Amino acid sequence: QVQLVESGGGLVQPGGSLRLSCAASGSISNIYTMAWYRQAPGKQRDMVAHITNSGLTNYADSVKGRFTISRDNAKNTVYLQMNSLKPEDTAVYYCNQVIQSLGSYISLAYWGQGTQVTVSS
């Protein structure tokens, strides 16, 4: 059984910063890619940032230069540092981790519960 728990969302003024965290727990053998997605009301869920197990990163054009994804493999945790936040960044943010469980030959994508980020004055 694998579980992802997110934290760090909240209300912030435009230009402010927030840091999201997502920790995986359970019977974990390996964690491959980690990513953050977001979904605004009435819109589809889109990828925000992605990091491989070797540390290669990829970002949506809308957040390049403002957001930074990182991971701590010892803690099975992925982070998203969000700076210079804009009202259009308002959304529910979800983490995603591709995890191989102990005793399994396959890896599955797991989702966090989502955390609300609201950017407003």
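Residues numbered from 1 in each chain as written. Predicted model: local features only at pLDDT ≥ 70, side-chain atom pairs only at ≥ 80, totals over all residues. Heavy atoms only, no water.

Q: Just to check I follow, could you spell out the pairing of strand 9 (residues 91-101) for this structure?
A: Each regular strand shows side chains that alternate between the opposite faces of the sheet. Of all eleven residues in strand 9, ten are buried, a share of seventy percent or more. Strand direction decides the pairing type here: strand 4 (residues 28-39) and strand 9, joined by nine bridges, are antiparallel. Looking at the pairing, isoleucine 31 lines up with isoleucine 99 of strand 9. Both strand 9 and strand 11 (residues 115-119) contribute to a ladder of three bridges, which runs antiparallel. Looking across to strand 11, one finds that valine 92 is bridged to glutamine 116. (Buried < 20%, exposed > 50% of the residue type's maximum accessible area, 1.4 Å probe, protein only. Helix = DSSP H or I, 4+ residues; strand = E, 2+ residues; numbered from the N terminus. Pairing = 2+ DSSP bridges.)

Q: Looking at this structure, how should I read unusual backbone geometry?
A: Notably, asparagine 76 is not glycine yet its phi reads approximately 55 degrees, a positive angle. Turning to its location among the elements, asparagine 76 is positioned in the loop between strand 7 (67-72) and strand 8 (77-82). The class of asparagine 76 is partly exposed, set by a relative accessible area of 22%. Backbone geometry places serine 84, a non-glycine residue, at a positive phi of 50 degrees. You can see serine 84 is positioned in the loop between strand 8 and strand 9.

Q: For this particular structure, what's the right way to read the sheet that holds strand 7?
A: In sheet architecture, strand pairing relies on hydrogen bonds along the backbone and comes in two forms, parallel and antiparallel. Pairing in this open sheet of four strands is antiparallel, and the strands run 1-3-8-7 from one edge to the other. The open sheet is flanked by strand 1 (2-7) and strand 7, the only strands paired with a single partner. Across the sheet, the mean angle separating the axes of adjacent strands is 15 degrees when strand polarity is ignored. Across six bridges, the pairing between strand 7 and strand 8 is antiparallel. Residue pairing across strands places aspartate 72 opposite threonine 77, the latter belonging to strand 8. (Axes fitted to C-alpha atoms, helices over the stretch in contact; angles between N-to-C directions.)

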